[in-house]
Amino acid sequence: MPYAIRNFFIVLKGVAQGNKYYYLWLAFLFVCIGLGVNAYINQLQDGLILTAMRDQVSWGYYIANFTFLVGVAAAAVFLVVPAYLYHFKPIKEIVLFGELMAVSAVTMCILFVLVDMGRIDRLWHVMPVIGTMNFPVSMLSWDIIVLNGYLAINLCISLYALYKLAHDREYNIKIIKPLIMLSIPWAVSIHTVTAFLFMGLAARPFWNASILAPRFLASAFCAGPAIMLIVFQIVRKVSKIEIDNRAIFKIAELMAYAMGINLFLFGAEYFKEFYSATSHLAHMEYMYFGLHEHTSLVPYLRLAFFFNVTAFILFVLPKTRENFFTMNLACVLIIVGVYIEKGMGLSIPGFVPDVLGEIYEYMPTTTERLVSLGIIAIGMLLYTLLLKFAMPVWTGELRFYTKENPTAQ
Amino acid sequence: MKKTLSRRQVIKSAAAGAATLAIPIGSADASVWQSFFQKHFREMSKDEVGEVIQRLEQEYREKYGRDFSIRTDGPQPNTLFGYGLDLSRCIGCRRCVYACVRENNQSRSPQNHWIQVLRFKKGETWVQDLEGSEKYYNPEKVPEPGYFYMPVQCQQCENPPCVKACPTKATWKEPDGIVVVDYNWCIGCRFCMAACPYGARHFNWAAPQIPPEEINPDTHYLGNRPRYKGVVEKCTFCIQRTRGNPGRYTACVEICPVGARKFGNLLDPKSEIRYCIENKRVFRLKEDLKTNPKFYYFFAT
């Protein structure tokens, strides 16, 4: 037992010590979390009336963030595919950081669903065994299972690997590999099931399109790796971990294909709606042109489209892809572009016009923005702390106290 | 909504929030625990239902200062309720909307309406083009020349998409065809609202408020008993009335000044609703979705 306690302090020391910038970053995150928690407490007291959601638009910014982050979580593991299936070594070494990202992103997803609930006190009703989970009929019950399963798988893989490394032992590939192999289809499943949540609703023609699931995956495989590329560059800067440029450029290349597919699928959808021009066109018209002078989403979605196309061009040309300035620019464009397109751009137009033809223009309130900010800050804090611990373990600077290694601090 | 945050405010609201969540350990108010652990309505034994009803009647009495009766009558045998609405008669007066609000204890603030009346311009489009309708029409007098009206409420689908969506089985279709919600089991995820093609489900965005003198204390567990903040509610064909023996008409049928609303047992060949279906040209809303509503619109001429 003393080993465990000593090692606990080693971990604590590892994450609590850092330079000025590290503390500033943590302080910033804590302020954001404080703002979010305060806004959420108000929402608990007064109800979801503090949001801009109403009967016409019954899901809003929270579900938009949730949808985007499911993509990020799924895509983080996407890095595993080239690493293990093609034995591309430069990427193999950085898979762990993707898995930790998946853990943080899924945590944010779960939080976004929780704050969207009207009765958080009745959460247990939805759990299997103790509650009455409507499995397998309700798509939401599937989502609960796959998201929690995904969190568990990624936690197992990353913590097991870190535990072994911290003890200076080789991790057993026979244990890790099946889990990693499981995590790949599971990553696809979390995003597919989330798409099915929307797709399965015949009442909402905008979502009731089979292209939704493939488009979800394609756009996720743009935004998720874009975040990872930025993270890798930070990791490289603040630690002794070496991340090969080849790995970064390879991921950028894969992102170019994903964005190409995403734009193609978007084009197919756009053509279908505008060429056939049935009453179902209203939703897409609302997104890109406005409907009966209701245009609040239009500038955002046009911007998202412009960003996505620009990023695609920057990624597809080897010259701009392999230049860090243009590559990082493209990463930011993709993150913002997909965030708009798949967040607000997906959930809101499904409700506008609503099932009885009413147009209710939704824009998140301060409460919704602050709560969302808080959740994102929680996710970032979690990722920061995980990285702070994982990086020195990875490089061998941090080792646990064991019989063989009594000098560990 | 713009608020600056002072430290005091943060602490104050944190304390208040903690109070809302607080578990009353050792408190005399055991009903908080009982309501927390209350089971799903359909999983309770007869005795458990009895206890819950007693507790709820007590809670409502404390809240509204009135004696409540909460019935739990089950469905009558050989009954499948159906509804008819004569579009040629409806004058768009919205009396049904407010009769429903009073009968079913809908929140007055924020307002919650289970019936939405849509106004269409005659000669322009048909009722499928819902986008061409107007919900917030507000003339001096109805009916207005050149318009017709279509009230929409829960269509009591035989194949209800909302029931499929619910992750907790908090909403289901009863044997007499009424889709009901257990307001003590709903977690407020609002997936059913996204799934409903008729905008029939409504959410309590804030704590519902009803002046005590306007409350209807004659209630059913699955129907018009007062609801809570953060749960979904909907039309139940006035289950507290229609399940009586003898059953009563729904409040909207009763109030309609022009007799546009019909209600009855679809399994009874001699019922008025069956007569309408067999002799009028009826249609149902969004039939292409195969939700199979038991709500029939028709023209009496």
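Residues numbered from 1 in each chain as written. Chains lettered and ligands numbered in written order. Predicted model: local features only at pLDDT ≥ 70, side-chain atom pairs only at ≥ 80, totals over all residues.

Peer 1: Requested: an account of the overall build of chain A, with residues and values cited.
Peer 2: For chain A, the helix and strand inventory stands at 16 helices and zero strands. Compactness check: chain A gives a C-alpha radius of gyration of 22 Å against a globular reference of 22 Å for 409 residues, within 12% of the reference. In chain A, which comprises 409 residues, the share counted as buried stands at 47%. (Helix = DSSP H or I, 4+ residues; strand = E, 2+ residues; numbered from the N terminus. Rg over C-alpha atoms; globule rule 2.2 N^0.38 Å. Buried ≥ 20, exposed ≤ 12 C-beta atoms within 10 Å, placed from the backbone.)

Peer 1: Give me the overall build of chain B: which residues, what numbers.
Peer 2: Looking only at helices and strands, chain B features nine helices and 12 strands. Here the C-alpha atoms of chain B give a radius of gyration of 21 Å, agreeing with the 19 Å that 2.2 N^0.38 yields for 301 residues. Projected onto its principal axes, the C-alpha positions of chain B cover 65 × 50 × 35 Å. Looking at the 301 residues of chain B, the share that counts as buried comes to 42%. Considering only residue pairs separated by 6 or more positions, chain B has 66% of its internal contacts joining residues 24 or more positions apart. (Contact = placed C-beta atoms within 7 Å.)

Peer 1: Pulling in residues and values, what's your account of the sheet that holds strand S2 (residues 81–86) of chain B?
Peer 2: Residues and elements named next belong to chain B. Spatial ordering of the open sheet is given by S10-S2-S12-S11, a layout of four strands whose pairing is mixed. At either end of the open sheet lies a strand with only one pairing partner, and these are strand S10 (261–265) and strand S11 (281–283). On average, adjacent strands in this sheet sit at an angle of 30° to one another, irrespective of strand direction. Note: S11 against strand S12 (residues 295–299), three bridges, orientation antiparallel. Each bridged residue has a counterpart across the sheet, and for Arg281 the counterpart in S12 is Phe299. Contacts between helix H9 (residues 272–279) and the sheet are confined to S2, S10, S11 and S12, with S10 contributing the most and set at about 110° to the helix. (Pairing = 2+ DSSP bridges. Axes fitted to C-alpha atoms, helices over the stretch in contact; angles between N-to-C directions.)

Peer 1: Mind laying out the confidence of the model for chain B, listing which residues take part and the relevant values?
Peer 2: Interpretation of the predicted coordinates at a detailed level should be avoided for regions scoring low in pLDDT. Chain-level pLDDT for chain B is 91 on average; 90% of the residues reach the 70-or-more range. The ipTM value of the predicted complex is 0.93, and its pTM value is 0.93. (pLDDT = per-residue confidence, 0-100.)

Peer 1: Give a description of the packing of helix H1 (residues 2–16) of chain A against helix H16 (residues 366–395) of chain A that names residues and reports values.
Peer 2: Each pair of packed helices can be described by the angle between their axes along with the distance between the axes. Residue and element names in this part refer to chain A. Between H1 and H16, whose axes approach to 9 Å, the crossing angle comes to 110°. It follows that H1 is roughly perpendicular to H16 by the angle criterion. With respect to the hand of their crossing, H1 and H16 are arranged in right-handed fashion. Of the residues in H16, those touching H1 at Val11, Gly14 and Val15 are Leu385, Lys388, Phe389 and Pro392. The class makeup of the residues in the contact of H1 with H16 is five nonpolar, one polar and one charged. (Parallel < 35°, antiparallel > 145°, perpendicular 65-115°, else oblique. Left-handed = near helix turned anticlockwise from the far one by under 90°. Nonpolar A, V, L, I, M, F, W, Y, C, P; charged D, E, K, R; others polar.)

Peer 1: I'd like to hear about unusual backbone geometry, residue by residue, with values.
Peer 2: With an omega of -5°, the peptide bond running from Val352(A) to Pro353(A) counts as cis. Within the secondary structure layout, Pro353(A) lies in the loop between helix H15 (344–347) and H16. Cis rather than trans, the peptide bond between Asn245(B) and Pro246(B) has omega equal to 5°. Within the secondary structure, Pro246(B) sits in the loop between helix H7 (239–242) and helix H8 (251–255).

Peer 1: For the interface of chain B and chain A, give the residues involved together with the corresponding values.
Peer 2: In this assembly, 51 residues from chain B lie in contact with 44 residues from chain A. Looking at the side of chain B that touches chain A, the elements with two or more residues in it are helix H1 (7–21), strand S3 (116–121), helix H5 (161–165), helix H6 (191–195) and strand S7 (202–203) of chain B. With six residues, the single largest contributor to the side of chain B that touches chain A is H1(B). Tallied by class, residues from the side of chain B that touches chain A come to 31 nonpolar, 12 polar and eight charged.

Peer 1: How would you explain the nonpolar core if you had to name every residue and give the values?
Peer 2: All names here are of chain A. Within the largest apolar cluster, 194 residues are counted, with the highest numbers of intra-cluster contacts made by Leu69, Ala73, Ala76, Ala105, Cys109, Ala223 and Ile334. The element contributing the most residues to this core is helix H3 (residues 61–78), with 15 residues. When sequence neighbours within four positions are dropped, the list of residues in contact with Ala105 reads Leu69, Val72, Ala73, Ala76 and Gly379. (Core = buried A, V, L, I, M, F, W, Y, C linked by C-beta atoms within 7 Å.)

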